Each structure stands twice: as C-alpha cells, then as structure tokens.
Amino acid sequence: QRLESPQRAFTRHISGCKGLSYWERLKNLNLMSIQRRRERYIIIQVWKILKGLAPNDLQLKSYEHIRLGTRCCIPPLPKKAPSYAKSLFDNSFAVIGPKLWNI
C-alpha cells in the first residue's frame, strides 16, 4: 500500500483519469503497479544471475527440472537464527528472488 502511494497520487492529477480508481488509471495509462514492476525486475535479476550475466554474490543455486525447467533453490533459515530474523530473511532478495522465479 505505501509503495504504491506516490504513483497513486501522481496518476490522480492526470487529466482524463479523474474519477477513475487507481487500477483503472493504471490500465488507462498502460502502466504496471510499482509492486508488479519490482517483482518483474527481481525476476530479471535472478535470470541474469543464473545466466552468469550478473555476479552471484548470494550464491543462488539452481537445478533443472524435467517438466518445469530451471528452478531456483530457496535457502533455508539457519536453525539458530533469532525469531526477529525470520521476517528479515523471508523478505530478502535471496528468498524472494527464487520464490518469484519458481512461480
């Protein structure tokens, strides 16, 4: 919700979009939501890492599945990690990237 606020406010002031909902304005302007764009660029970055076009600093691992193609391994949370680290870990690129790639 907070991520979309600047785009929501900006599109509200465009003539021809008055009275439309946020999603109708995006469709009318042929735009994607900021969240959708962010996910798209994460997937592109994972692809670059897997193809060797970007450094693999996070040591992402992949494997070939017969039916599903290239899949990314989601790293496990270390067992001795404190509880507050779970949400940080789950929202990290190392976890979000492979999850989006595997969809």
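Residues numbered from 1 in each chain as written. Predicted model: local features only at pLDDT ≥ 70, side-chain atom pairs only at ≥ 80, totals over all residues. Heavy atoms only, no water.

**Q** Where do I start with the pairing of strand β2 (residues 69-72) in this structure?
**A** Regular strands have side chains that alternate between both faces of the sheet. Summarising the sheet, strand β1 (residues 62-65) and β2 pair through 4 bridges and their orientation is antiparallel. Each residue of the ladder has a partner; that of Tyr63, found in β2, is Arg71. The turn linking β1 back onto β2 is made up of 3 residues. (Pairing = 2+ DSSP bridges. Helix = DSSP H or I, 4+ residues; strand = E, 2+ residues; numbered from the N terminus.)

**Q** Looking at this structure, I do not really get the pattern of salt bridges. What am I missing?
**A** Here the idea is simple: oppositely charged side chains can pair when their charged atoms come close. Here the structure, examined in full by the defined rule, presents 1 salt bridge. One salt bridge connects Lys86 with Asp90, and the closest N-O pair in it is separated by 2.9 Å. Of this pair, Lys86 and Asp90 both sit in helix α4 (residues 84-90), 4 residues apart, which is roughly one turn of that helix. Judged by its relative accessible area of 26%, Asp90 is partly exposed. (Salt bridge = Lys/Arg side-chain N within 4 Å of Asp/Glu carboxyl O. Buried < 20%, exposed > 50% of the residue type's maximum accessible area, 1.4 Å probe, protein only.)

**Q** Would you take a moment to explain the confidence of the model for the chain for this structure?
**A** Note: predicted coordinates in regions of low pLDDT should not be interpreted at a detailed level. Per-residue confidence for the chain gives a mean pLDDT of 90; residues scoring 70 or more make up 99%. By mean pLDDT, α4 is the weakest element of the chain at 87, and helix α3 (residues 34-50) is the strongest at 94. (pLDDT = per-residue confidence, 0-100.)

**Q** Hey, could you run me through the environment of Leu60 in this one?
**A** Mapped onto the elements, Leu60 comes out in the loop between α3 and β1. The spacing of Leu60 and Ala94 is 34 residues in sequence and 7.1 Å in space, taken between C-alpha atoms. Those residues in contact with Leu60, other than ones at most four positions away along the chain, are Ile49, Phe93, Ala94 and Pro98. (Contact = heavy atoms within 4.5 Å.)

**Q** It is not clear to me how the environment of Leu77 should be interpreted in this structure. Could you clarify?
**A** You can see Leu77 is positioned in the loop between β2 and α4. Judged by relative accessible area, which is 32%, Leu77 ranks as partly exposed. Along the sequence, Leu77 and Asp90 sit 13 residues apart, while their C-alpha atoms lie 8.6 Å from each other. Not counting chain neighbours up to four residues away, the residues in contact with Leu77 comprise Ala85, Lys86 and Phe89.

**Q** Would you mind showing me how to read the packing of helix α1 (residues 5-12) against helix α2 (residues 22-29) here?
**A** Where α1 meets α2, the closest approach of the two axes is 10 Å, and the angle between their N-to-C directions is 70 degrees. By the angle between their directions, the pair α1 and α2 is classed as roughly perpendicular. Residue-level contacts link Gln7, Arg8, Thr11 and Arg12 of α1 to Tyr22, Arg25, Leu26 and Leu29 of α2. Among the residues making up the contact of α1 with α2, the classes are represented as 3 nonpolar, 2 polar and 3 charged. (Axes fitted to C-alpha atoms, helices over the stretch in contact; angles between N-to-C directions. Parallel < 35°, antiparallel > 145°, perpendicular 65-115°, else oblique. Nonpolar A, V, L, I, M, F, W, Y, C, P; charged D, E, K, R; others polar.)

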